[in-house]
Amino acid sequence: MSSTASAEDAALSSVNHEVSLSTGSRALVIGAATIAVALLLVAVKGYQPAAQATVNGLVTGTFFALGAVGLALVYGVLRLVNFAHGDFLTFGAYIALACNTLLSLPIIIATVIATVTTALMAALLELLLWRPMRTRRAGHLQLLLTAIGLAYVIRNGIQLVAGADPRSLRVNVTSAVSFLGGLRLGTTELAVVLVGLVVLVLVAILLSASRLGREMRALADNLNLAEVAGVNTGRVIIATWLVAGGLAGLAGVLVGAAVGVLTPNFGFELLLGLFAATILGGIGNAYGALAGGLLLGLAEEWSTLFIDPSWKLAVGFVILILTLLIRPNGLLGRPGLK
Amino acid sequence: MIDMISLAPLGQADFWLGVGVVAGIYSIFTLGLQLNVGLTGIVNLGQAGFMAIGAYAMAILIVTYHWPPWLALPAATFVAMLAGVVVALPSVRLRGDYLAMTTLAAAEIVQNVAQNAIGLTGGNNGLLGFDAAWQTIQVWMLGVLSAVGLGNEDQIPLFLVVWLTFGIIMLILVALQHTPWGRVLRAIREDEDAAGALGKNAYAYKVQSMALAAGIGAIAGYLLALNVTLIYPGTYSADFTFIGFAILVLGGLGRFAGVALGSILLWFVLEATRFVDLPLAADQVAALRLLIVGLVLILVMVLRPQGIAGKREEMVLRG
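Residues numbered from 1 in each chain as written. Chains lettered and ligands numbered in written order. Predicted model: local features only at pLDDT ≥ 70, side-chain atom pairs only at ≥ 80, totals over all residues.

Helix and strand content of chain B: 13 helices and zero strands. What you see in chain B, going N to C, is helices and strands ordered as α-α-α-α-α-α-α-α-α-α-α-α-α. Each of the three principal axes of chain B carries a C-alpha extent, and together these read 60 × 45 × 40 Å. Sorting the 319 residues of chain B into buried and exposed places 52% on the buried side. If you take every contact in chain B between residues at least 6 apart in sequence, the share linking residues at least 24 apart comes to 75%. (Helix = DSSP H or I, 4+ residues; strand = E, 2+ residues; numbered from the N terminus. Buried ≥ 20, exposed ≤ 12 C-beta atoms within 10 Å, placed from the backbone. Contact = placed C-beta atoms within 7 Å.)

Dropping the structure here:
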């Protein structure tokens, strides 16, 4: 009993060691490069516009990071590209909307309910859909198309119930704070960023320090090996969906609160950005997705210093394609990881 | 979005002819997907983008540059195929799921350009007036048809042209399937490394497959443009590709004729929702129809992944 437990711990700690070693130094380089670009932009475009774009980029980056971490976890553990992940965000936002506007619950309680409900939905889908399909040895294409179908069902189910008209959460979108010499940030946006960053730090701690986090990463590394080492894979997979779904639901509410308007399509419209963030950080690598999300948000907002903001989305897609071409394993991914 | 058949209630026959037109256009569209997914094993999620490029190129050449249609159509097909090559060159090297994301991103970029490059595409106002030649042909066809006693329905000319086009492209593809070229595609789908070991350049074949599919998508794009008479970004929404995939899996992977079956079946179900009197607003009915598309995808994948007419082993694709 104790010998299997220690073998498992050894396997898990070797995983832990490898990840921290390979990502640590590269993360420092990327962080330094990002700061260098920010300073360069300040020098070229002036302090106020460049710094404001950076602040906006951090806001967008927080959403991308929250959404992308879940996408990366699911991909890492199950090798499933969850095309429905964007619609998980929409689902969370609309649950919060229903609690907030129909039931008149305060936004904080609505956010908690939305996060929990989306997490439960993701876990329920694992039990009803994904696990049976894996048991039947469904192929890659089968899983991909099922995820696309699921995306349609969730998004249009929401539109069927709530209609396509834009909706708003009951949050204050007009008041703003000024800081650091003329930079502006909406108070709701500020709250959103703070919540987002705190949760991202908690996720990073969960992944690196908790037993569950190590088990998740062990599964992502090699599912069969983890199973042999005694990890209860079924339980870890459910936990992965709970975390991914919860983060997606929370991200959806935060996007809805910060942007101010919700439509049933907004999650799907974010999806390619989430893919871009995930791949930028190295697909299946949750820390990478976190960094990739922040970088993507910055890149999109920085691009508005040079081109019309209506091209912002295309910038995200171009980054997705460029990353796949130049460094398909991402900034933090290990080369040769298949 | 999906309400491209905005017919006045002229009677059942005209309504179902209109459905037949759309089903035919989507059949052509999905033939390209069948070539990529079913025959070559590359998951192209950007087909709607190629359809858009073809249709916009055609309309821009005719409306803005006053090209004659007989020259604009092949030129626009060529532009779409070129776009297919441009997207394929970097992406077909990638793993299956990366390829799927890249092609979807390409289609989203096309839509973004259609919306934002207003000088070229008219932005959200779209482009009009590219179908003068077709109107002439249509009047002529109606004259001929009424001479033989078939001229009562306005939709018949387009219906005939669409399904004739489908038949021709399908026959060409079926013939191609049995050429050495088609057999190499199938070999690549089954085992790319083995095909490579036999000296076949899998990369080049995949690029060709995608270019050909893009050309087929462009043709579907022209016919859709003729059907709606206005080209704007919503006409070619990037997620129309997923309707194509629902048709593809319904009909079965690897069977070109199955595409027609899948398309007719799907559009019949989608349009039948119009006859059920539901207390729903227009956007809710649209949602219900796309919800059905999603359910079809899930149910076919879970219950009968080979589709109605397909063989089970066709679903066993490598990642």
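Following the structure, the description resumes.
All names here are of chain A. Look at helix α3 (residues 85–102) against helix α4 (residues 107–135): their axes get within 8 Å of each other, and the N-to-C directions meet at 140°. As the angle between them shows, α3 and α4 are arranged oblique. Considering only the axes of α3 and α4, their crossing is right-handed. For the pair α3 and α4, the contacting residues are Phe88, Phe91, Gly92, Ile95, Ala96, Cys99 and Asn100 in the first and Ile107, Ile109, Ala110, Thr111, Ile113, Ala114, Thr115, Thr117, Thr118, Met121 and Ala122 in the second. (Axes fitted to C-alpha atoms, helices over the stretch in contact; angles between N-to-C directions. Parallel < 35°, antiparallel > 145°, perpendicular 65-115°, else oblique. Left-handed = near helix turned anticlockwise from the far one by under 90°.)

Residue and element names in this part refer to chain B. When cut into domains, chain B gives domain 1 (41–238) and domain 2 (240–319). Each partner contributes residues to the interface: domain 1 has 16 residues there, and domain 2 has nine residues. Taken together, the elements giving at least two residues each to the side of domain 1 that touches domain 2 come down to α2 (47–63), α4 (96–116) and α7 (156–177). The greatest single-element share of the side of domain 1 that touches domain 2, amounting to four residues, is contributed by α7. In the side of domain 1 that touches domain 2, the residues fall into nine nonpolar, five polar and two charged. (Domains from an automatic or database assignment. Nonpolar A, V, L, I, M, F, W, Y, C, P; charged D, E, K, R; others polar.)

The next point concerns the packing of α3 of chain A against helix α10 (residues 266–280) of chain A. Residues and elements named next belong to chain A. Closest axis-to-axis distance for the α3/α10 pair is 7 Å, and the angle between their directions is 140°. Relative to α10, α3 is oriented oblique. As for the relative orientation of α3 and α10, their crossing is right-handed in sense. Contact with α3, carried on its side by His85, Gly86, Asp87, Phe88, Leu89 and Thr90, involves Phe266, Gly267, Phe268, Leu270, Leu271 and Leu274 of α10 and no other residues of that element. For the contact of α3 with α10, the class distribution of residues is seven nonpolar, four polar and one charged.

A separate point is the interface of chain A and chain B. Between chain A and chain B, the contact holds 32 residues from the first and 37 residues from the second. Its residues placed into classes, the side of chain A that touches chain B shows 22 nonpolar, 10 polar and no charged.

If you look at the biggest cluster of nonpolar residues, it comprises 215 residues, and the most contacted ones within it are Val69 and Leu320 of chain A together with Ala55, Met58, Ala246 and Leu297 of chain B. Element by element, the count of residues in this core is highest for helix α10 (residues 202–228) of chain B, at 17 residues. Other than its neighbours up to four places away in sequence, Ala246 of chain B contacts Leu266, Val293, Val296 and Leu297 of chain B. (Core = buried A, V, L, I, M, F, W, Y, C linked by C-beta atoms within 7 Å.)

Let us look at the pairing of strand β2 (residues 183–186) of chain A. Residue and element names in this part refer to chain A. Sheet analysis places strand β1 (residues 176–179) next to β2, joined by four bridges and oriented antiparallel. Looking at the pairing, Phe179 lines up with Leu183 of β2. From the end of β1 to the start of β2, which pair antiparallel, there are three residues, and Leu180 there has a positive phi angle of about 45°. (Pairing = 2+ DSSP bridges.)

Let us look at the confidence of the model for chain B. Residue and element names in this part refer to chain B. A residue-level look at chain B finds 92% of positions with pLDDT of 70 or above and a mean pLDDT of 86. Under a pLDDT of 50 for its full length, residues 1–10 has, in the predicted model, 16 contacts with residues more than four places off or in other chains. Both scores are given for the predicted complex: the pTM is 0.86, the ipTM 0.85. (pLDDT = per-residue confidence, 0-100.)

Residues and elements named next belong to chain A. Looking at chain A, the pLDDT average stands at 84 and 91% of residues meet or exceed 70. Across residues 1–5, confidence stays below pLDDT 50; counting only partners more than four residues off in sequence or on other chains, it has one contact. Ignoring residues within four places in sequence, the model shows residues 16–21, a span with pLDDT below 50, making two contacts including any to other chains.

Between the first and last C-alpha of helix α2 (residues 47–78) of chain A there are 45 Å, a value that for 32 residues agrees with the 46 Å anticipated at 1.5 Å per step. A large share of α2 of chain A lies buried, amounting to 25 of its 32 residues. (Expected span 1.5 Å × (residues − 1).)

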